[in-house]
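The lines below spell out each chain.
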Amino acid sequence: LPHFDTMVTALDALSHAIESLWNVKRSARSASYAQRAITLISDHLLLALDEPSNLNARSALQNAAFLAGLAISETKTALAHALSYPITLSFNVPHGLACSFTLAPLIKRVGAEKLSLSQTQVDTLLTLLTSLQLNEKIAKYAQVSELLNAVDRDLDPSRAGNFIALVTPDLVKSVIVESME
């Protein structure tokens with residue numbers, strides 16, 4: 001896959017894995033799959049982007065996508081995907097980008113302990129997400145006010161309801177605004 005497609009497909013898998021951890025339907029099995037997927041993506045995404053012919057890195061990302069798929073098939077998606085659907089529909093934002101650009105502020109709100117990740121793992125994830133400059137990529141499609149309007153109009157409550165915390169309009173607004181900073 002080209003650079004951008006590699007990035008957004010890996011970010012979709014990362015979203016699946018993380019959303020499985022902050023999910024009301026989480027189980028020990030789904031958490032195990034998700035944690036392994038997160039480690040593989042954290043360890044190999046930047047390498048695959050920097051060295052497109054690195055088959056070990058690409059293989060690790062494929063394995064991570066498989067594991068994240070196993071996790072999400074059990075839990076279903078949650079808030080990051082719920083936010084992404086209206087953004088993709090309204091602005092034609094690629095799915096993996098739309099569902100991952102809000103991950104960092106959501107990870108900060110949930111915290112390492114509730115995700116059953118170490119603080120080092122969380123810090124690594126936040127560094128990875130920041131390094132990809134997802135806010136700048138989303139800004140090519142829509143501005144904050146447009147994103148807020150689309151999500152306000154079409155947020156999927158069934159998927160948002162899988163998030164482990166109460167989803168309020170204030171939470172949604174603050175997550176989107178912080179994601180774009």
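The model shown is predicted, which means the values in this text are computed figures rather than measured ones. (Residues numbered from 1 in each chain as written. Predicted model: local features only at pLDDT ≥ 70, side-chain atom pairs only at ≥ 80, totals over all residues. Heavy atoms only, no water.)

Turning our eyes to something else, we now look at the packing of helix H4 (residues 79–91) against helix H9 (residues 144–154). The angle between the axes and the distance between the axes are what describe a pair of packed helices. The geometry of H4 relative to H9 is characterised by a closest axis approach of 8 Å and an angle of 115° between their N-to-C directions. Considering how the two elements wind past one another, H4 and H9 form a crossing that is right-handed. From H4, Leu 83, Pro 86, Ile 87, Ser 90 and Phe 91 reach across to H9, where they touch Glu 146, Leu 147, Ala 150, Val 151, Arg 153 and Asp 154. Within the contact of H4 with H9, the residues separate by chemical class into seven nonpolar, one polar and three charged. (Axes fitted to C-alpha atoms, helices over the stretch in contact; angles between N-to-C directions. Helix = DSSP H or I, 4+ residues; strand = E, 2+ residues; numbered from the N terminus. Left-handed = near helix turned anticlockwise from the far one by under 90°. Contact = heavy atoms within 4.5 Å. Nonpolar A, V, L, I, M, F, W, Y, C, P; charged D, E, K, R; others polar.)

On inspection of all chains with the given rule, the structure shows four salt bridges. As a salt-bridge pair, Arg 109 and Glu 178 come within 3.0 Å of each other at their nearest N and O atoms. Residue Arg 109 is located in helix H6 (residues 103–115), and its partner Glu 178 is located in helix H11 (residues 169–179); the two are separated by 69 residues in the primary sequence. One salt bridge connects Asp 154 with Arg 153, and the closest N-O pair in it is separated by 3.3 Å. Here the residues in one salt-bridge network are Lys 108, Arg 109 and Glu 178, joined through shared partners. (Salt bridge = Lys/Arg side-chain N within 4 Å of Asp/Glu carboxyl O.)

With that out of the way, let us pick up the layout of surface pockets. Here the largest pocket is characterised by a volume of approximately 250 Å³. Residue assignment for the lining of the largest pocket shows that the elements contributing at least two residues are H6, helix H7 (119–131), helix H8 (134–139) and H11. The residue inventory of the lining of the largest pocket, partitioned by class, reads six nonpolar, five polar and three charged. (1 Å grid on protein atoms, 1.4 Å probe; cavity = no way out; pocket = protein on both sides within 12 Å on 5 of 7 lines; lining within 4 Å. Points joined across faces, edges and corners; volume = space filled by probe spheres on them.)

What follows concerns the nonpolar core. Counting residues in hydrophobic clusters, the biggest one holds 65 residues, and the most contacted among them are Leu 14, Trp 22, Leu 45, Ile 107 and Leu 147. When residues no more than four places from it in sequence are discounted, the contact partners of Trp 22 are Ala 78, Leu 79, Ala 80, Leu 103, Leu 106, Ile 107, Val 110, Leu 115, Asn 162, Phe 163 and Ile 164. (Core = buried A, V, L, I, M, F, W, Y, C linked by side-chain atoms within 4.5 Å. Buried < 20%, exposed > 50% of the residue type's maximum accessible area, 1.4 Å probe, protein only.)

Before going further, it helps to examine the environment of Ala 68. Structurally, Ala 68 is set in helix H3 (residues 55–75). Owing to a relative accessible area of 0%, Ala 68 belongs among the buried residues under this scheme.

Attention shifts here to the side chain of Ser 20. Structurally, the position occupied by Ser 20 is in helix H1 (residues 3–21). For Ser 20, the side chain forms a polar contact with the main-chain oxygen of His 16, separated by 2.9 Å. With residues near it in sequence (within four places) discarded, Ser 20 still touches Arg 26, Ser 30, Ala 34, Ala 71, Ile 72 and Thr 75. (Polar contact = N/O pair within 3.5 Å; in protein donor to acceptor, adjacent residues only side chain to side chain.)

Further remarks concern the packing of aromatic side chains. Note on aromatic pairs: each is described by the distance of the centres and the angle between the planes. Evaluated as defined, the whole model comprises one aromatic pair. A ring pair is formed by Trp 22 and Phe 163, whose centres lie 5.5 Å apart and whose planes are at 85°; its orientation type is edge-to-face. Of this pair, Trp 22 sits in the loop between H1 and helix H2 (28–50) while Phe 163 sits in the loop between helix H10 (157–160) and H11, placing them 141 residues apart in sequence. Summarising the burial analysis for this pair, Trp 22 and Phe 163 share the class buried. (Phe/Tyr/Trp six-rings, centres within 6.5 Å; stacked < 30°, edge-to-face > 60°.)

These figures capture arrangement, not role.
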